[in-house]
Amino acid sequence: MTRIIVVTSGKGGVGKTTTSAAFATGLALQGYKTAVIDFDVGLRNLDLVMGCERRVVYDFVNVITKEASLNQALIRDKRIENLYILPASQTRDKEALTMEGVETVINELKETFDYIVCDSPAGIEHGAYMAMYFADEAIVVTNPEISSVRDSDRILGLLASKTKRVVENKTPVKEHLLLTRYAPERVKNGEMLSVDDIHEILSIPLLGVIPESQSVLTASNQGIPVIINKNSRAGLAYSDCIGRFLGEEIELRFINTKKGGIFGKLFGGR
Amino acid sequence: MGLFDYFHANRNSADVAKERLSILIARDHFHRNQPSFLPALQNELLEVIKKYVDIDQDDVTVSLDREEDCEILELNIALPEKGCYKEA
């Protein structure tokens with residue numbers, strides 16, 4: 001049974017694309033055949049983060065308008081088996097994503113894939129709505145910052161009212177909170193909302209906390225999803241999230257200030 | 001307390017953020033759960049009442065509460081002092 005996961009947030013710049021790339025890569029590394037779709041039509045970026053921008057020939061909109069087949073548009077990842085990317089169109093606008101068109105593509109992907117990860121655009125307009133509509137699970141990416149938390153709450157309201165599962169009276173979309181750009185030092189100094197504060201305000205299950213880390217920028221510079229980097233705290237935190245998503249019990253790490261020692265030295269700032 | 005003092009108050013900013021967010025989100029939820037006709041209903045009621053009594057927008061509040069399987073439409077109208085009644 002294919003599971004469809006939307007990575008969403010409302011607010012822009014909080015790490016949706018980084019998370020989509022990490023998540024799709026992580027699931028594929030666990031042996032699941034995974035497709036990741038960029039719904040940000042007009043502002044294509046997932047291909048850059050995944051490092052396959054030079055291999056884009058056809059895109060999501062071409063498939064919807066039947067200018068290309070799904071197999072022609074899907075890009076197979078060169079590093080990781082089982083991982084495929086469906087890039088967004090850079091030239092069209094978001095209205096090109098029709099409900100029927102998106103459903104047809106998703107249904108075709110469902111025939112062969114275990115997981116479909118939908119990378120939502122920012123905002124609550126048509127593109128974001130299409131990205132969440134078919135979802136079974138939602139990863140709500142949130143920064144420890146008030147506008148991001150408020151926007152996440154808004155998105156949770158939409159997930160609970162505007163998705164196919166709700167319309168069809170099925171069990172609601174399963175929600176997961178993913179906190180990104182977390183800085184334990186600033187939390188300790190009372191300058192940043194803590195994971196407990198945000199968890200309490202949004203009151204949905206916590207999937208994980210990704211620490212603020214230089215390696216995220218380095219990874220996107222290089223077009224290598226950060227989850228592949230086993231020397232990066234952010235990469236390891238994403239790996240933990242995959243484990244939890246698949247049902248393992250893994251304790252949160254990197255949420256307290258560094259204690260020094262060899263571990264702190266090994267992972268300091270990375 | 002001036003604006004400058006405000007930033008130098010003893011409370012840390014994360015606590016301020018949490019408090020502001022809690023209030024904001026409670027308010028967002030309140031508005032989200034209301035049917036969309038409530039503001040229009042409130043305005044029309046206001047127009048009718050204004051024909052007879054001098055009142056402001058803020059003197060009329062309309063809200064809808066759910067209790068198990070029944071909905072309660074609550075209408076609150078704060079009437080002004082007697083002198084403001086209009087003559088028919």
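The present account deals with the structure reproduced in this document. (Residues numbered from 1 in each chain as written. Chains lettered and ligands numbered in written order. Predicted model: local features only at pLDDT ≥ 70, side-chain atom pairs only at ≥ 80, totals over all residues. Heavy atoms only, no water.)

Quick look at the overall build of chain B
Okay, step 1: Counting its secondary structure elements, chain B contains three helices and two strands.
Okay, step 2: Residues counted as buried form 18% of the 88 residues belonging to chain B.
Okay, step 3: Contacts in chain B between residues at least 24 apart in sequence constitute 39% of all its contacts with a sequence separation of at least 6.
Okay, step 4: Taken as a whole, chain B presents about 7200 Å² of accessible surface, with 53% of it coming from carbon and sulfur. (Helix = DSSP H or I, 4+ residues; strand = E, 2+ residues; numbered from the N terminus. Buried < 20%, exposed > 50% of the residue type's maximum accessible area, 1.4 Å probe, protein only. Contact = heavy atoms within 4.5 Å. Areas by Shrake-Rupley, 256 points an atom, 1.4 Å probe, with all protein chains shown as cover.)

Points about empty space enclosed by the protein
Residues and elements named next belong to chain A.
Okay, step 1: Overall, the coordinates contain one cavity of 30 Å³ or more when judged by the stated rule.
Okay, step 2: Here the largest cavity is characterised by a volume of approximately 30 Å³.
Okay, step 3: Of all the elements, helix α11 (residues 214–222) adds the most residues to the lining of the largest cavity, at three residues.
Okay, step 4: Tallied by class, residues from the lining of the largest cavity come to five nonpolar, two polar and no charged. (1 Å grid on protein atoms, 1.4 Å probe; cavity = no way out; pocket = protein on both sides within 12 Å on 5 of 7 lines; lining within 4 Å. Points joined across faces, edges and corners; volume = space filled by probe spheres on them. Nonpolar A, V, L, I, M, F, W, Y, C, P; charged D, E, K, R; others polar.)

What to know about helix α10 (residues 195–202) of chain A
Note on helix geometry: an α-helix contains 3.6 residues per turn, so any two residues three or four positions apart are oriented the same way.
Okay, step 1: For α10 of chain A, every residue scored as buried is listed here: V195, D197, I198, I201 and L202 of chain A. Angularly, the buried residues of α10 of chain A cover 160 degrees about the axis, an arc narrow enough to put them on a single face. Among the exposed residues of α10 of chain A, those oriented more than 90 degrees off its buried face are D196 and E200 of chain A.
Okay, step 2: Next to the buried residues of α10 of chain A lie β6 (137–142), α7 (146–159), β7 (174–182) and β8 (206–211) of chain A together with α2 (13–32) of chain B. (Arc of directions from axis to C-beta.)

Quick notes on a negative patch on the surface
Okay, step 1: A contiguous patch of negative charge on the surface is contributed by D65, E67, E68, D69 and E74 of chain B.
Okay, step 2: The residue E68 of chain B is located in the loop between β1 (60–67) and β2 (70–77) in this model. (Patch = residues over 30% accessible without salt bridge, like charges linked within 9 Å, V, L, I, M, F, W, Y side chains within 5 Å. Salt bridge = Lys/Arg side-chain N within 4 Å of Asp/Glu carboxyl O. Lys, Arg positive; Asp, Glu negative; His and termini not counted. Charge placed at Lys NZ, Arg CZ, Asp CG, Glu CD.)

Observations concerning unusual backbone geometry
All names here are of chain A.
Okay, step 1: If you check the backbone angles, N169 has positive phi at about 60 degrees while not being a glycine.
Okay, step 2: Relative to the elements of secondary structure, N169 occurs in the loop between α8 (164–167) and β7.
Okay, step 3: On the basis of relative accessibility, which here comes to 73%, the residue N169 falls in the exposed class.
Okay, step 4: In this model, F254 sits at a positive phi of 65 degrees, which is unusual for a non-glycine residue.
Okay, step 5: Residue position: F254 is located in the loop between α12 (233–245) and α13 (261–267).
Okay, step 6: A residue is classified by how much of its surface remains accessible, and F254, at 9% relative accessible area, is buried.

A word on the nonpolar core
Residues and elements named next belong to chain A.
Okay, step 1: Counting 55 residues, the largest nonpolar core has F39, F60, L86, L97, V102, L109 and L159 as the members making the most contacts within it.
Okay, step 2: Of all the elements, α7 adds the most residues to this core, at five residues.
Okay, step 3: L159 has contacts with V6, T8, M132, A138, V140, V166, V173 and E175, leaving out every residue within four places of it along the chain.
Okay, step 4: Counting 37 residues, the second largest nonpolar core, distinct from the first, contains I75, I139, L178 and C241. (Core = buried A, V, L, I, M, F, W, Y, C linked by side-chain atoms within 4.5 Å.)

A few points about the interface of chain B and chain A
Okay, step 1: Taken together, the contact pairs 13 residues of chain B with 13 residues of chain A.
Okay, step 2: Overall, the association of chain B and chain A removes approximately 1200 Å² of surface from exposure, summing both partners, and the carbon and sulfur fraction of that is 60%.
Okay, step 3: Area buried by chain B at its contact with chain A is led by K18, L21 and R32 of chain B, which between them contribute 43% of it.
Okay, step 4: On inspection of chain B and its partner chain A, the count reaches three salt bridges.
Okay, step 5: We note a salt bridge from E200 of chain A to K18 of chain B, for which the minimum N-O separation is 3.1 Å.
Okay, step 6: Summed over the shared surface of chain B and chain A, the number is five residue pairs in polar contact (both at pLDDT 80 or more).
Okay, step 7: Split into classes, the residues belonging to the side of chain B that touches chain A amount to five nonpolar, four polar and four charged. (Buried area = accessible area lost by both parts, 1.4 Å probe. Polar contact = N/O pair within 3.5 Å; in protein donor to acceptor, adjacent residues only side chain to side chain.)

A short note on the packing of α7 of chain A against α10 of chain A
Residues and elements named next belong to chain A.
Okay, step 1: Their axes nearest at 10 Å, the elements α7 and α10 cross at an angle of 30 degrees. In terms of orientation, α7 and α10 fall into the roughly parallel class. Taken as a pair, α7 and α10 cross one another with a handedness that is right-handed. Contacts between α7 and α10 pair V149, S152, D153 and L156 from the former with I198, I201 and L202 from the latter.
Okay, step 2: A class-by-class count of the residues in the contact of α7 with α10 yields five nonpolar, one polar and one charged. (Axes fitted to C-alpha atoms, helices over the stretch in contact; angles between N-to-C directions. Parallel < 35°, antiparallel > 145°, perpendicular 65-115°, else oblique. Left-handed = near helix turned anticlockwise from the far one by under 90°.)

Concerning the environment of I116 of chain A
Residue and element names in this part refer to chain A.
Okay, step 1: Mapping I116 onto the fold places it in strand β5 (residues 115–119).
Okay, step 2: With a relative accessible area of 0%, I116 lands in the buried category.
Okay, step 3: Taking the C-alpha atoms as reference, I116 lies 8.0 Å from I106; in sequence the two are 10 residues apart.
Okay, step 4: Ignoring sequence-local partners within four residues, the contact set of I116 consists of T2, R3, I4, I5, A35, I37, I106, L109 and K110.

A few points about the pairing of β8 of chain A
Residues and elements named next belong to chain A.
Okay, step 1: With respect to burial, β8 is a largely interior element, five of its six residues being buried.
Okay, step 2: Bridge count between β7 and β8: four bridges; the pairing is parallel. The residue of β8 that forms the bridge with L178 is G208. (Pairing = 2+ DSSP bridges.)

Observations concerning the layout of surface pockets
Which parts of space are left empty comes out when a probe the size of a water molecule is rolled across the atoms.
Residue and element names in this part refer to chain A.
Okay, step 1: Here the largest pocket defines a volume of roughly 470 Å³.
Okay, step 2: As for the largest pocket, its lining consists of 26 residues, and the residues nearest its centre are G13, V14, G15, K16 and T18.
Okay, step 3: Contributing elements (two or more residues each) for the lining of the largest pocket: α1 (16–29), α2 (46–49), β7 and β8.
Okay, step 4: Here the lining of the largest pocket takes three residues from α1, the largest share from any one element.
Okay, step 5: Grouping the amino acids of the lining of the largest pocket by side-chain chemistry returns 10 nonpolar, nine polar and seven charged.

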